[in-house]
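Observations on the model geometry
Residues per chain, in single letters:
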Amino acid sequence: MSALFKKKKRRYGFARHPRLMAFSRSLTLEQKAAMAHTFLKIMRADGPPLNLEMYNYIYEQFESIGFGVKSKYMKNYSLNNLDDTYTEINNLSIDQKRWFAIALHAMLYEIGVKPSFRHIQDYLTLGVQTSNPFIK
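Residues numbered from 1 in each chain as written. Predicted model: local features only at pLDDT ≥ 70, side-chain atom pairs only at ≥ 80, totals over all residues. Heavy atoms only, no water.

Here we come to the confidence of the model for the protein chain. Do not read the fine detail of predicted coordinates wherever pLDDT is low. Taken as a whole, the protein chain shows an average pLDDT of 81; of its residues, 86% reach a score of 70 or greater. Looking across the protein chain, the model is least confident in helix H1 (residues 2-5), with a mean pLDDT of 54, and most confident in helix H8 (residues 117-129), with 91. (pLDDT = per-residue confidence, 0-100. Helix = DSSP H or I, 4+ residues; strand = E, 2+ residues; numbered from the N terminus.)

This is the structure:
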C-alpha cells in the first residue's frame, strides 16, 4: 500500500517529445549557454526592470531542452565576451539556428508583450552578427 504513494510522476508533453530530446542532445552546453546569454541580453535591452513574461518564456524554452537558465554554468558563462557568444551561435547548424530564431521571435512578438525599439535593434543586430538567415 505504501508503494502507491511513492510512485514517481511521469512527465509527459512537450518536454518529453522525441524530436525535442534529439534536438537537445545535438546542442553542446556551450551552445545552450550562448543562446540563453543572448536571450537574456535582448530581454535586458531596456535596462534593469526585467519583463517577467519574457523571462518566464526564456526559462520554459531552455528547461524544455534540458538547460537551466539559473544554472551555475550560466553564471560562469555570462562573464564571457559577447563576441565569443556570437561565434558560438554562428557555428550552429541551420536547424539549430531556425529553432533559435523562432524562439527569439516568439519571445518578442507572440507572448503578448510589445517589444521596445531597443529590443528590436538588439534582435536585428544579433541576426547580422550570427549570420542567421531566419532573423529578419
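Remark: helix H7 (residues 94-109) packs on H8, axes separated minimally by 11 Å, with the N-to-C direction vectors making an angle of 175°. It follows from the interaxial angle that H7 and H8 lie roughly antiparallel. Where H7 approaches H8, its residues Phe 100, Ala 101, Leu 104, His 105, Leu 108 and Tyr 109 are matched on the opposing element by His 119, Ile 120, Tyr 123 and Leu 126. Looking at the contact of H7 with H8, its residues break down into eight nonpolar, two polar and no charged. (Axes fitted to C-alpha atoms, helices over the stretch in contact; angles between N-to-C directions. Parallel < 35°, antiparallel > 145°, perpendicular 65-115°, else oblique. Contact = heavy atoms within 4.5 Å. Nonpolar A, V, L, I, M, F, W, Y, C, P; charged D, E, K, R; others polar.)

Moving on: unusual backbone geometry. In this structure, Ser 131 is a non-glycine residue whose phi angle is positive, near 55°. Within the secondary structure, Ser 131 is located in the segment after H8. A relative accessible area of 47% places Ser 131 in the partly exposed class. (Buried < 20%, exposed > 50% of the residue type's maximum accessible area, 1.4 Å probe, protein only.)

Here we take up the pattern of salt bridges. Scanning all chains against the criterion turns up three salt bridges. Residue Arg 118 pairs with Asp 122 through a salt bridge whose shortest N-O separation is 4.0 Å. Of the two residues, Arg 118 and Asp 122 both sit in helix H8, four residues apart, roughly one turn of that helix. What you see here is one network of salt bridges that share partners, running through Lys 41, Arg 118 and Asp 122. (Salt bridge = Lys/Arg side-chain N within 4 Å of Asp/Glu carboxyl O.)

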